[in-house]
Every structure is written in structure tokens, then in C-alpha cells.
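The lines below spell out each chain.
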Amino acid sequence: MRAPSEQQALQQIPRHLAHLLGLAPNHAKIRRQMGGAINADAVVGLGGFTFIVQWTGSGTIARVSDAARKALEQASTAGKRAIPVVAVPFMGPAGRERCEELNVGWLDLSGNARLVAPGLRVQMEGQPNRYKSPGRPATAFASKSSRIARWSGPLTASRPPATRTFNTDVDA
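Heads up: these notes are all about the structure in this document. Keep in mind the model is a prediction, meaning the values are calculated, not measured.

Reading guide: rules and limits
- Residues numbered from 1 in each chain as written.
- Predicted model: local features only at pLDDT ≥ 70, side-chain atom pairs only at ≥ 80, totals over all residues.
- Heavy atoms only, no water.
- Axes fitted to C-alpha atoms, helices over the stretch in contact; angles between N-to-C directions.
- Helix = DSSP H or I, 4+ residues; strand = E, 2+ residues; numbered from the N terminus.
- Parallel < 35°, antiparallel > 145°, perpendicular 65-115°, else oblique.
- Left-handed = near helix turned anticlockwise from the far one by under 90°.
- Contact = heavy atoms within 4.5 Å.
- Pairing = 2+ DSSP bridges.
- Phe/Tyr/Trp six-rings, centres within 6.5 Å; stacked < 30°, edge-to-face > 60°.
- Buried < 20%, exposed > 50% of the residue type's maximum accessible area, 1.4 Å probe, protein only.
- Arc of directions from axis to C-beta.
- Core = buried A, V, L, I, M, F, W, Y, C linked by side-chain atoms within 4.5 Å.

Digging into the packing of helix α2 (residues 61-78) against helix α3 (residues 93-101)
And then number 1: It is the contact of α2 with α3, at a shortest axis distance of 9 Å, that shows an interaxial angle of 25°. Taken together, the axes of α2 and α3 lie roughly parallel to each other. The element α2 and its partner α3 pack so that their crossing is right-handed. Contacts between α2 and α3 involve Ile 61, Val 64, Ser 65 and Arg 69 from the first element and Ala 94, Gly 95, Arg 98 and Cys 99 from the second.

Dropping the structure here:
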């Protein structure tokens, strides 16, 4: 499955937060801006909590670190009760550790999350990556064998390549 666009993700995040808190999705109050959190991707009020959400389309450590710092900065300007959250399609172990080091909550659209604040503790892990992209084929003989490097040697119009041509071109 392909990872959602930022707009699609920001529509899904309030539903995921509501599900994690055991509330109906229609309880979520979504605001793009709140107080000083002008640059937040989303501000979600839910269950008496205010989540300052920073979306990043990748769970790499660099992107997560950058998003976590932005979320922290935006939450500090929004008020003491604002909870900074980094949201990604799938959060890997390194990104999880980085968010924990920075005391930033996180959630991914695959169903995993860790949200810790006064009066709130949610931790859900173990869901597989729904947005895993296909990698290289398992063997060189897989259906996408075009990835095999081929060398045809020097070709001329007058003669096709031959084993003898290859042997004579090599310096011994």
C-alpha cells in the first residue's frame, strides 16, 4: 500500500487519536492553528487533551528528529497542556527511541503509538508496517531480472562480440 499524502494523513490522524483514547471520532475538534502553534500541521482537541501534531512522510531518524523538534517548539508556544506528537506512516525503532529521548509522543498510521503526558499514557506497538514498499527481488532470477548488471563489451558494427574479443582486450 502506498503511504498517504500529507492531506490524507492529516484527515486520518484525529480518527487514530480518538481510537487510541477509546473515544468516538466525532469528539475530535480539529484546528489547523491554535494560539502560538501557527506552524503546526494539525492541532487536535480530544478528551480534554490538546495534541500538536507534526506530520512527516518518512520514519527516518533525521525526519523524525526534525519533526519532533518542531512539535516541541510549537507545543511550548501553545501552552503547558499541549502535547507534542510526531505522526508518520510507520515509526521504526530508531524513530521511537528518538521521540522518547525528546519526550515527544508519536503515532503511526499503521496503528502503533506512544503518547505520554500528565493524566495520559497510551502505548500500542506490534502492528506491522502497512506502507512497506517493495524492495529488490529476493534472487537474481526473480521476475525483475532487469536489475542484473549486464556488460556487453565493445560492440562494433562489423563484428559481434565473441569470447576471443573479450580475452584479447584484457591485459595480463
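Having put the structure on the table, let's press on.
Quick look at the sheet that holds strand β1 (residues 29-31)
And then number 1: Strand order in the open sheet formed by 7 strands is β1-β2-β3-β4-β5-β6-β7, with mixed pairing between adjacent strands. Where the open sheet ends on each side, the last strands, each with one partner, are β1 and β7 (120-124). Averaged over all adjacent pairs, the angle separating strand axes in this sheet is 25°, with direction ignored.
And then number 2: Sheet analysis places strand β3 (residues 49-55) next to strand β4 (residues 82-88), joined by 6 bridges and oriented parallel. Paired with Thr 50 across the strands is Ala 82, a residue of β4.
And then number 3: Most of the contacts of helix α1 (residues 6-21) go to β3, to which it runs at about 145°, and overall it touches β1, β2 (42-46), β3, β4, β5 (105-108), β6 (113-117) and β7.
And then number 4: Contacting β3 and β4, α2 runs over the sheet at an angle of about 155° to β4.

Some thoughts on the packing of aromatic side chains
And then number 1: This model, assessed by the stated rule, comprises 1 aromatic pair.
And then number 2: Centroid distance Phe 49 to Phe 51: 6.2 Å. Interplanar angle 45°. Geometry classified as tilted. When sorted by exposure, Phe 49 lands in the same class as Phe 51, which is buried.

Some thoughts on α3
And then number 1: Regarding α3, the residues found buried are Gly 95, Arg 96, Arg 98 and Cys 99. End-on, the buried residues of α3 take up no more than an arc of 165°, which puts them together on one face. In α3, the exposed residues that point more than 90 degrees away from the buried face are Pro 93, Glu 97 and Glu 101.
And then number 2: Where α3 is buried, its residues meet α2, β4 and β5.
And then number 3: Looking one or two residues past α3, Asn 103 carries a phi angle of roughly 60°, positive in sign.

Observations regarding the nonpolar core
And then number 1: With 25 residues, the main nonpolar core has Ile 13, Leu 17, Phe 51 and Val 53 as its most contacted residues.
And then number 2: Mapped onto this core, the elements with two or more residues apiece are α1, β2, β3, β4, β6 and β7.
And then number 3: Per-element tally for this core: the top contributor is α1, with 6 residues.
And then number 4: Setting aside residues up to four positions removed in sequence, Phe 51 forms contacts with Leu 17, Leu 21, Ala 42, Val 43, Val 44, Leu 46, Ile 83, Val 85, Leu 115 and Leu 120.

Remember that the coordinates give geometry; whether it matters functionally is a separate question.
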